[in-house]
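Chain by chain, the residues run as shown.
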Amino acid sequence: MLDPELLERITARRAELDELEEQLAKQLAEVRAERDELAIAERVLDRVSEQLAEERASAAPAPGQVGGQAVMLIPYRTPDAEETVLPPEYQRILAAVRQAAGPVMARQVGEVVGVDVSVRSKLEPLRSKLVRLADRGWLRKLPDGRFTTRL
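Residues numbered from 1 in each chain as written. Predicted model: local features only at pLDDT ≥ 70, side-chain atom pairs only at ≥ 80, totals over all residues. Heavy atoms only, no water.

Asker: Requested: an account of the packing of helix 3 (residues 106–113) against helix 4 (residues 120–135), with residues and values cited.
Answerer: For the pair helix 3 and helix 4, the least separation of the axes is 10 Å and the interaxial angle reads 105°. Regarding the angle of helix 3 to helix 4, the classification is roughly perpendicular. Counted together, Ala-106, Arg-107, Val-109, Gly-110 and Val-113 of helix 3 and Leu-123, Leu-126, Arg-127 and Leu-130 of helix 4 form the full contact between these two elements. When grouped by side-chain class, the residues that make up the contact of helix 3 with helix 4 number six nonpolar, one polar and two charged. (Axes fitted to C-alpha atoms, helices over the stretch in contact; angles between N-to-C directions. Helix = DSSP H or I, 4+ residues; strand = E, 2+ residues; numbered from the N terminus. Parallel < 35°, antiparallel > 145°, perpendicular 65-115°, else oblique. Contact = heavy atoms within 4.5 Å. Nonpolar A, V, L, I, M, F, W, Y, C, P; charged D, E, K, R; others polar.)

Asker: I'd love a proper account of the nonpolar core, names of residues and values included.
Answerer: Membership of the largest hydrophobic core comes to 19 residues, with the highest contact counts inside it found for Leu-86, Val-109, Leu-130, Leu-133 and Leu-139. Counting only elements with at least two residues in this core, the list comes to helix 2 (88–99), helix 3 and helix 4. Setting aside anything within four residues of it in sequence, one finds Leu-139 in contact with Leu-94, Val-97, Leu-130, Leu-133, Ala-134, Thr-148, Thr-149 and Arg-150. (Core = buried A, V, L, I, M, F, W, Y, C linked by side-chain atoms within 4.5 Å. Buried < 20%, exposed > 50% of the residue type's maximum accessible area, 1.4 Å probe, protein only.)

Asker: Lay out a nonpolar patch on the surface with the relevant residues and their values.
Answerer: Together, Ile-40, Val-44, Val-48 and Leu-52 give the surface a local cluster of nonpolar side chains, amounting to about 300 Å² of exposed area. Topologically, Val-44 is positioned in helix 1 (residues 4–58). The class for Val-44 is partly exposed, based on a relative accessible area of 42%. (Patch = residues over 30% accessible without salt bridge, like charges linked within 9 Å, V, L, I, M, F, W, Y side chains within 5 Å. Areas by Shrake-Rupley, 256 points an atom, 1.4 Å probe, with all protein chains shown as cover. Salt bridge = Lys/Arg side-chain N within 4 Å of Asp/Glu carboxyl O.)

Asker: Break down helix 2 for me, citing the residues and quoting the values.
Answerer: Its twelve residues give helix 2 an end-to-end C-alpha distance of 16 Å, which sits within 8% of 16 Å, the value for a rise of 1.5 Å per residue. By the burial criterion, the buried members of helix 2 are Tyr-90, Ile-93, Leu-94, Ala-96 and Val-97. The buried residues of helix 2 occupy an angular sector of 160° when projected down its axis, which confines them to one face. Seen from the buried face of helix 2, the exposed residues on the opposite side, beyond 90 degrees, are Pro-88 and Gln-99. (Expected span 1.5 Å × (residues − 1). Arc of directions from axis to C-beta.)

Asker: Tell me about the environment of Arg-98, and please be specific about residues and values.
Answerer: With respect to the secondary-structure elements, Arg-98 resides in helix 2. A relative accessible area of 44% places Arg-98 in the partly exposed class. Not counting residues within four places of it along the chain, the set of residues in contact with Arg-98 comprises Glu-83 and Thr-149.

Asker: Account for the pattern of salt bridges, with residues named and values stated.
Answerer: Going through the model one piece at a time under the given rule, you end up with six salt bridges. Ionic pairing is found between Lys-129 and Glu-89, a salt bridge with its closest N-O pair at 2.5 Å. With Lys-129 in helix 4 and Glu-89 in helix 2, the pair connects residues that are 40 residues apart, well separated along the chain. In this structure, Arg-146 engages Asp-144 in a salt bridge whose closest nitrogen and oxygen atoms are separated by 2.6 Å. According to the relative accessible area criterion, Arg-146 is partly exposed, its value standing at 29%. Exposure remark for Asp-144: the relative accessible area of 45% places this residue in the partly exposed category. Residues participating in the shared-partner salt-bridge network are Arg-120, Glu-124 and Arg-127.

Take a look at the structure:
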């Protein structure tokens, strides 16, 4: 005859294993769903990166017009280029960054050049000028958003 206590232990263990199997199946389904989402995100990121690369490659710097001649107002920095080729406002911005003890935020530059830093709409044009100077090689933009002079 079967031992009722042993039969009860087997039944209880089977119930535990069934519950564990259900939990694991649920976790596996969640992992698979997240992997699918990541695969989609990777494809989207690849497409967007390709599109941005194409746009950057096709976007030539837009020159301004001076005396009927096309000129770039903020030229790319070259080894022989001097700051005097920049408009005076940009020269002041470069000087403010250079005077700082280290990398600076746009707000700190604004305080030096006389921008009302408490008003965001007045700070953003300065930030775009700093970015433009960094894009053209006059400054360096750090990953944390601060700016410093080129080495």
